[in-house]
Amino acid sequence: MIHNVTSESPIGIFDSGIGGLTVVKAVQAALPAERIIYFGDTARVPYGPKSQVTIRKYAYDDTLILMRYQPKMIIVACNTVSALALDVVEKACGTLPVIGVLKAGAELAVNATKNNRIGVIGTQATVSSNAYACAINMLNAEIEVISQACPLFVPLAEEGFIDHPATKLIAREYLTEIIQHDIDTLVLGCTHYPILRRVIEETIGQSIRIIDSAEAVALRTKQLMTESELLNPARRAYAPHLLVSDLPQKFSMLYKLFMGSEMPDVELVEV
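Residues numbered from 1 in each chain as written. Predicted model: local features only at pLDDT ≥ 70, side-chain atom pairs only at ≥ 80, totals over all residues. Heavy atoms only, no water.

Asker: Give me the pairing of strand 9 (residues 241-244): which residues, what numbers.
Answerer: With four bridges connecting them, strand 2 (residues 36-40) and strand 9 associate as parallel partners. Residue Ile37 lies in a different strand from strand 9, and its bridge partner there is His241. Here strand 9 pairs with strand 10 (residues 266-268) via three bridges, running parallel. Bridge assignment links Leu242 to a residue of strand 10, and that residue is Val266. (Pairing = 2+ DSSP bridges. Helix = DSSP H or I, 4+ residues; strand = E, 2+ residues; numbered from the N terminus.)

In structure tokens form, the structure reads like this:
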């Protein structure tokens, strides 16, 4: 699948649901002139509890949907796919650059920690894959990584339960143990989690540095686009083009809540 890439070509971003909007927001802040095509696989969210075979199939489907728009690069805004199926995406993209949230988040965490104790929270699949610990230890073998699966965070974020008592209760349940390991840095190893950032911060306290992999990806994207001279020279900002595999009103409500603006048109695509 060869197509001509120009600086005007869009950046393709996909996620299992609404979580990847955290990446859209960060990329827009870093590169306001870029056109963004975003696909949220709302029909099949969440990916975290599913098997590796299924996740790899979904990753392939999601990539092909974005490839129709002839992007200049693909951002995998789903940590579960980054952990278990990045190679599937890279293969489907051919020569196009692919950035996964996981590696970008790991690099940022390694640079941030002072005491070499990093906590990682993510979906069951991401945590079981041990991909964060491997990525962090490849950069620095001295670092101890303490991981915790937080499977209920994705459904809570998808419901928009941003300040809900239930979210606070579950955050305490998940995070109490991880903070006892004297971590100084916590990686939000799922792009849905920044939506719940306030509750997470309240639970872990001020002294632990939070690493949002969305911000890390935005920095890496800017670097990559600058190096390959593919930055869009346009002087205007574009609204992202949104694709979803199921069109609940929920997506629209959460978009407003999270992006702080009205939702542009959404296109329904079949997976």
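Asker: Talk me through unusual backbone geometry; I want residue IDs and the actual numbers.
Answerer: The omega angle of the peptide bond from Val45 to Pro46 is 0 degrees, so this bond is cis rather than trans. Counting through the fold element by element, Pro46 comes out in the loop between strand 2 and helix 2 (52-67). Positive phi outside glycine occurs at Gln70, with the angle close to 50 degrees. Residue position: Gln70 is located in the loop between helix 2 and strand 3 (73-76). The class for Gln70 is partly exposed, based on a relative accessible area of 41%. Notably, Asp182 is not glycine yet its phi reads approximately 60 degrees, a positive angle. Relative to the helices and strands, Asp182 resides in the loop between helix 9 (165-179) and strand 7 (185-189). (Buried < 20%, exposed > 50% of the residue type's maximum accessible area, 1.4 Å probe, protein only.)

Asker: Would you mind going over the pairing of strand 8 (residues 209-212) in detail, with residue names and values included?
Answerer: Relative to strand 8, strand 7 is paired through four bridges, and the arrangement is parallel. Pairing of Leu188 across the sheet is with Asp212, part of strand 8. Assessed by its sense of winding, the connection that carries the chain from strand 7 through helix 10 (residues 197-204) to strand 8 is right-handed. (Right-handed = clockwise from strand over helix to strand, strands pointing away.)

Asker: Lay out the sheet that holds strand 2 with the relevant residues and their values.
Answerer: One open sheet holds the six strands; their spatial order is 4-3-1-2-9-10, and the pairing between them is parallel. The open sheet is flanked by strand 4 (98-100) and strand 10, the only strands paired with a single partner. Taking each pair of neighbouring strands and ignoring which way they run, the sheet shows an average axis angle of 20 degrees. As paired strands, strand 1 (residues 11-15) and strand 3 are joined by four bridges and run parallel to one another. From the neighbouring strand, Phe14 faces strand 3, where its bridge partner is Val76. The sheet contacts of helix 4 (residues 86-93) involve strand 1, strand 3 and strand 4, and relative to strand 4 the element is tilted by about 165 degrees. (Axes fitted to C-alpha atoms, helices over the stretch in contact; angles between N-to-C directions. Contact = heavy atoms within 4.5 Å.)

Note that all results are geometric; they support no functional claim without further evidence.
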